[in-house]
Amino acid sequence: MTALALPQKPRGAWRGPAIAAAILLATVVMCLPGIGIGADLGAIARNWQNGADKIIKLLQPDWSFFPRTIAPFVETLQMAVIATAVGAGISLPLSFLAARNTAPNAPTRIAVRAILNVVRAVPDLLYAAILVAMVGVGALPGILALVLFNVGILVKLVSEAIDTNEVGPLEAGRAVGATPTQINRTLALPDAWPAFANQTLYVFELNVRASTVLGLVGAGGLGLLIDAVRTFYRYDQLSLIILEILIIVIALDALSSAIRRRLV
């Protein structure tokens, strides 16, 4: 019986393991003291008891605190819905100006992308802190911060999706003398619509999570309540708030998945 001839390994098969080993080595080096961030993993073993009692309290939600969470919870959802709607409305036309396929004018496209790079470079929490100082404590600075956050993300993701679409129909539209607005409305928008709707749903999920954090600097929503209970070390009440956020995130994920299946 003749032995089976094993196929030769494809050339370059070593590259994957080599890249993974290089990434692992770089990660270890970055954690070393004096070279990287100096992570002390032994501190976890020495100080784990400091957090153990807090974790136990987090596992015991204070259900009687639920009525006080309803109004901030509703405000958080309102902030997320308003910010998503406004941010999506602003992002759609800007996405066409930032995409190479729909914005042949290079200076305009570069200017739009440069501005949006600046918008994305600033953390949403910093936006909220500045806006709270400008307009006061409440939901309005949180909504404005989320709108800026949404525009930066949506325009980047949607414009990149537009750049991956077929350029043939767009070139045909230019060949027959259609204006850029007509081309974008009748040819580019139908192709970009599924990606735009998909990314808008994703940003809405992000807004629900982000709006709870923005309240820590006075931008309304559940974050204000989280800051209050954290100040008094009421981890049992904080546990209930976290549970509510978890439930709404799971519900939104299921709803978004169902909508995405209809869009695709």
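Not measured: the values here are computed from a predicted model.

Here we take up the packing of aromatic side chains. In this structure the tally under the stated criterion is two aromatic pairs. On the numbers, 6.5 Å between centres and 45° between planes, the contact of Tyr-233 with Tyr-235 is tilted.

Turning to the packing of helix H3 (residues 66–98) against helix H4 (residues 106–121), a few remarks are in order. Across the interface, H3 lies against H4 with an axial gap of 8 Å and an inter-helix angle of 125°. With respect to their mutual orientation, H3 and H4 come out oblique. From H3, Leu-94, Leu-97 and Ala-98 reach across to H4, where they touch Arg-109, Val-112 and Arg-113. Counted by class, the contact of H3 with H4 contains four nonpolar, no polar and two charged residues.

Here Ser-257 shows up in helix H10 (residues 235–263). Of the residues examined, Ser-257 reaches a relative accessible area of 26% and is grouped as partly exposed.

With that out of the way, let us pick up the nonpolar core. Among the nonpolar cores identified, the biggest contains 20 residues, and Ala-145 and Leu-214 are the most heavily contacted of them. Sorting the residues of this core by element identifies H3, H4, helix H5 (124–135), helix H6 (139–163) and helix H8 (180–214) as the ones contributing at least two each. Discounting chain neighbours no more than four positions away, the residues touching Leu-214 are Asp-124, Leu-125, Ala-128, Gly-142, Ala-145, Leu-146 and Ala-219. If you look at the next biggest cluster of nonpolar residues, it comprises 16 residues, including Phe-204, Leu-238, Ile-241 and Val-249.

A full pass over the atoms with the stated rule returns four salt bridges. Of the charged contacts, one joins Glu-160 and Lys-156 as a salt bridge, the two residues approaching to 2.9 Å between their closest N and O atoms. Placement of both Glu-160 and Lys-156 in helix H6 is noted, with a separation of four residues, approximately one turn of the helix. Owing to a relative accessible area of 39%, Glu-160 belongs among the partly exposed residues under this scheme. A relative accessible area of 36% means that Lys-156 is categorised as partly exposed. Residue Arg-230 is joined to Asp-227 by a salt bridge in which the shortest nitrogen-to-oxygen separation is 2.5 Å.

Any residue range with low pLDDT should be treated as having predicted coordinates unsuitable for detailed reading. Looking at the protein, pLDDT values average 79 and 84% of them are 70 or higher. Averaged pLDDT values over the elements of the protein bottom out at 68 in helix H7 (residues 168–175) and peak at 87 in H3.

The rules behind these values
Residues numbered from 1 in each chain as written. Predicted model: local features only at pLDDT ≥ 70, side-chain atom pairs only at ≥ 80, totals over all residues. Heavy atoms only, no water. Phe/Tyr/Trp six-rings, centres within 6.5 Å; stacked < 30°, edge-to-face > 60°. Axes fitted to C-alpha atoms, helices over the stretch in contact; angles between N-to-C directions. Helix = DSSP H or I, 4+ residues; strand = E, 2+ residues; numbered from the N terminus. Parallel < 35°, antiparallel > 145°, perpendicular 65-115°, else oblique. Contact = heavy atoms within 4.5 Å. Nonpolar A, V, L, I, M, F, W, Y, C, P; charged D, E, K, R; others polar. Buried < 20%, exposed > 50% of the residue type's maximum accessible area, 1.4 Å probe, protein only. Core = buried A, V, L, I, M, F, W, Y, C linked by side-chain atoms within 4.5 Å. Salt bridge = Lys/Arg side-chain N within 4 Å of Asp/Glu carboxyl O. pLDDT = per-residue confidence, 0-100.

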